[in-house]
Amino acid sequence: MASNRRWMTLFIVLLVISVAWGCQGERKSIEGRCDYDGVKIEPIYAVYFNLRDGTEKKFCSIVCASMSFSKLKKEVEEVMVVDEASEKRVSAPQAFYVESDVITVPHVKNRIHAFGHGEDAMKHLEKFNGRRVENPFY
Amino acid sequence: MILNALSIAMIFIGALSVFLAIWGGISSLILYRKWKRPSRPEEKTSLEDRSYLVFLIMVIVLLIRLINWPLFYVTLQSFISDIEGAMCIFGVTQAKPGLTRLLEFVKPIIFFLIGGWLILHRLDRSTKTSPLMRRKLLLLSIIGLFVLVDAFGDILLMVGIAPESLVSCCTTVTDISSRATRTTPVAFFGPEYARPLQVLFFITHLALIGFVGVSLKFKIFRRPILGVLFLFSLLNAMLFLLSQIEVFAPAMMHLPFHHCVYCLWQYVPDSIAMYLFFILGTFSVGWGFTTDLFGKIGEASDSLPDYLRKIYWFAFLFLSAALMMLIVHLLVD
């Protein structure tokens, strides 16, 4: 029984150390990924929330961002989307949105595209059988 | 079909298991029937020799099937990059949802049955008269049937999953508000269900560890008590799964709105060890009950208490380890 206790103590000590060490590594590996489902972000399709506390949340797609938006609405100060044409950040209410046959982020089947200029949105709409949609973040 | 080292290993193991499960299952059934009849000493010796050969081969097959459960998930994980839209194992399961769901249901049952049988086999081998021989043969033929279904399913799945399949992954399925894992606790605790569910899990888990500890301490191994413990461990397992999906997995992943256990394994790999400890702990409680149920006969009854003590000691250890890992994760995070 004494031998059992010794093994048990050693087991517990090793377990606690390895888990605590593992947690630190895991936290680092999650950084730079979508704040909704942890997927690696393609910068061209990213969405950013600037929160009232000064922090930022980033998402891999408009689908993930809109699912989070419904839960974080009160905390969000500004939503920024990325213009697919120029790859620059644009304020969400000023952007143009098109839903088309092109899937940007396959795991959520996101078909909504954001553009900074109306002409780019129209070009995409005509080329890929799209339709204009409202700003998903209001 | 997606070809890689793991899928080839799965198919090879599957084919081998199908062949040996048919042979082993039928052989054990025949031996079970013959074992009952009185026979001459030479016939008895021949019967024993054949039984040992069947056991020798089937033990290897069963050990391989034990490893097959984690290997199944490792193989699915290896398919992620080949399936468009899959970001975790959940996406891969959507390529053949019906068959994968069946296999995910059957594999833990087989793991439990095999573990229970191997303990009985070990108990029987510690005796001189092998009083559990007939029961072992009958159980082996039943397990052979399960192994056959499982192995055949593995082959069908490996052959059936087409590369470049387009699937939807977990985000659009496990995070919708009408998911069963959310609506069930909401029905009991209301919309603010997270905290009560968390507390309930800790209570049942600690209670289970406590009951197992008390049984060990006072050597209470009466069958009705072991049966109740087994049922309680199943209830605890259900609560574990529910609280993991709804509360702990999102917390451990730092993704408060994402409820996918497969993503947890991916982003927090040491959680796999926690799940392994939990499964072994819960199954050990069940194995204690099945060992008492099938092993209390003749000479085996004498060694049984010692075996039960060891099994429940493992249950206590593994359940405590799983709980400790969970607590450390929640505290460090």
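Residues numbered from 1 in each chain as written. Chains lettered and ligands numbered in written order. Predicted model: local features only at pLDDT ≥ 70, side-chain atom pairs only at ≥ 80, totals over all residues.

Next up on the list: the overall build of chain B. In terms of regular secondary structure, chain B is built from 11 helices and 0 strands. Counting from the amino terminus, chain B carries its helices and strands in the arrangement α-α-α-α-α-α-α-α-α-α-α. Since a compact globule built from 333 residues should have a radius of gyration of about 20 Å, the 22 Å found for chain B is in line with a globular shape. By the burial criterion, 41% of the 333 residues in chain B qualify as buried. Intrachain contacts of chain B at a sequence separation of at least 6 include 79% that bridge at least 24 residues. (Helix = DSSP H or I, 4+ residues; strand = E, 2+ residues; numbered from the N terminus. Rg over C-alpha atoms; globule rule 2.2 N^0.38 Å. Buried ≥ 20, exposed ≤ 12 C-beta atoms within 10 Å, placed from the backbone. Contact = placed C-beta atoms within 7 Å.)

Once that is clear, we can look at the domain arrangement of chain B. Residues and elements named next belong to chain B. Considered domain by domain, chain B is made up of domain 1 (5–170) and domain 2 (174–332). By residue number, the principal contributor to the side of domain 1 that touches domain 2 is helix α4 (residues 97–125), which donates 7 residues. Split into classes, the residues belonging to the side of domain 1 that touches domain 2 amount to 10 nonpolar, 5 polar and 3 charged. (Domains from an automatic or database assignment. Nonpolar A, V, L, I, M, F, W, Y, C, P; charged D, E, K, R; others polar.)

Our focus in this paragraph is the interface of chain B and chain A. At the interface, 27 residues of chain B touch 23 residues of chain A. Sorting the residues of the side of chain B that touches chain A by element identifies α9 (261–267) and α11 (300–332) of chain B as the ones contributing at least two each. Among the elements that take part in the side of chain B that touches chain A, α11(B) stands out by supplying 7 residues, more than any other. In terms of residue class, the side of chain B that touches chain A is made up of 15 nonpolar, 8 polar and 4 charged.

This brings us to the pairing of strand β5 (residues 96–99) of chain A. Residues and elements named next belong to chain A. Bridge count between β5 and strand β6 (residues 112–115): 4 bridges; the pairing is antiparallel. Counterpart to Phe96 in the pairing with β6 is Phe115. Pairing between β5 and strand β7 (residues 131–133): 3 bridges, direction antiparallel. Looking across to β7, one finds that Glu99 is bridged to Arg131. (Pairing = 2+ DSSP bridges.)

On to the sheet that holds β7(A), then. Residues and elements named next belong to chain A. Ordered in space as β6-β5-β7, the 3 strands form an open sheet in which the pairing is antiparallel. In this open sheet, the two edge strands, each paired with only one partner strand, are β6 and β7. If you compare each strand with its neighbour and ignore which way they point, the axes differ by 40° on average. (Axes fitted to C-alpha atoms, helices over the stretch in contact; angles between N-to-C directions.)

Residues and elements named next belong to chain A. In terms of strand pairing, strand β1 (residues 47–51) meets strand β2 (residues 56–59) through 4 bridges, oriented antiparallel. Paired with Val47 across the bridge in β2 is Phe59. Here β1 folds back onto β2, and the loop between the two strands holds 4 residues, one of which, Gly54, carries a positive phi near 95°. Bridge count between β1 and strand β3 (residues 76–82): 5 bridges; the pairing is antiparallel. Each bridged residue has a counterpart across the sheet, and for Tyr48 the counterpart in β3 is Met80.

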